[in-house]
Amino acid sequence: MALSGFPAVSGVSYTMKTITPHAEDDDQDSDFKPLSADEAQQWRDANPQVSVWRILAMQALVGCLVALAAWVLTGRQSAGWSAGYGALAVLVPAALFARGVLRHKNVQEPGVAMLRFFGWEMVKIILTVAILVAAPRVVLGLSWLALVAGMVLTMKTYWIALVVQSRRSKLD
């Protein structure tokens, strides 16, 4: 007998192994204890949220610094503009995404919230691609290396913001 999609080979048998759940998995689940309202509030106080707008502001600052560094290090204005345009290719879609998602943050239906999230994520991806496709027409003397550097460094800024925020909350 051949499984669907697999050719029959003489002398070879296809069998599926059944994996039974382990008893230790059940033990781990039984140790779970939901937080009380007071414990949840204490956890929230110890781990404050990072503002999306603060992260976007930090990304804008990093984008400007990368553009300036590209200009100074290469001596070419076009490298600075390319890096700045790369930063904009991250910032503009991210700001639109944040506004779209946060505008409806009190939605009660989880399915609707997830659909909106993925919808805005698609808008973000399409806008990013459109910005990148337009780059050769918008930036004179485009340097793709500087553009990608601007994008990557700007994108990774939110990790720095999260690390700084977690260290700040540990110090308090």
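Quantities reported herein were computed from a predicted structural model and do not represent experimental measurements.

### A word on the overall build of the protein chain
Point 1. Helices and strands together make up the secondary structure of the protein chain, namely seven helices and zero strands.
Point 2. In the protein chain, the succession of helices and strands from N to C terminus is α-α-α-α-α-α-α.
Point 3. Taken across its 172 residues, the protein chain has 23% of its residues classed as buried.
Point 4. Here the contacts in the protein chain between residues at least 6 apart in sequence split such that 73% fall between residues at least 24 apart.

### Quick word on the side chain of S143
Point 1. Topologically, S143 is positioned in the loop between α5 (110-138) and α6 (144-155).
Point 2. Relative accessible area serves as the criterion here: at 15%, S143 is assigned to the buried category.

### Here we look at the packing of aromatic side chains
Point 1. On inspection of all chains with the given rule, the structure shows two aromatic pairs.
Point 2. Both rings, one in F97 and one in F117, keep their centres 5.4 Å apart while their planes meet at 75°; by these two values the pair is edge-to-face. Remark: F117 occurs in helix α5 and F97 occurs in helix α4 (residues 77-103); sequence separation between them is 20 residues.
Point 3. By relative accessible area, which is 38% here, F117 ends up partly exposed.
Point 4. One aromatic cluster is present, built from ring pairs that chain together F97, F117 and F118.
Point 5. Taking NZ or CZ as reference, K124 lies 5.0 Å from the ring centre of F97, over its face.

### Some details on the nonpolar core
Point 1. Formed by Y85, A89, V90, I131, A135, V139, L147 and M151, the largest nonpolar core amounts to eight residues.
Point 2. Elements that contribute at least two residues to this core include exactly α4, α5 and α6.
Point 3. Beyond its immediate stretch of four places on either side in the chain, V90 contacts Q59, M151, T154 and M155.
Point 4. Membership of the second largest hydrophobic core comes to six residues, among which are V66, A67, A70 and A79.

### Considerations on helix α3 (residues 52-74)
Point 1. Between its terminal C-alpha atoms α3 stretches 33 Å, which fits the 33 Å expected from 23 residues at 1.5 Å a residue.
Point 2. Listed as buried for α3 are I55, L56, Q59, G63, V66, A67 and A70.
Point 3. Directly beyond the C-terminal end of α3, a positive phi value near 75° is found at G75.

Reading the values: rules and limits
Residues numbered from 1 in each chain as written. Predicted model: local features only at pLDDT ≥ 70, side-chain atom pairs only at ≥ 80, totals over all residues. Heavy atoms only, no water. Helix = DSSP H or I, 4+ residues; strand = E, 2+ residues; numbered from the N terminus. Buried < 20%, exposed > 50% of the residue type's maximum accessible area, 1.4 Å probe, protein only. Contact = heavy atoms within 4.5 Å. Phe/Tyr/Trp six-rings, centres within 6.5 Å; stacked < 30°, edge-to-face > 60°. Lys NZ or Arg CZ within 6 Å of the ring centre and 35° of its normal. Core = buried A, V, L, I, M, F, W, Y, C linked by side-chain atoms within 4.5 Å. Expected span 1.5 Å × (residues − 1).

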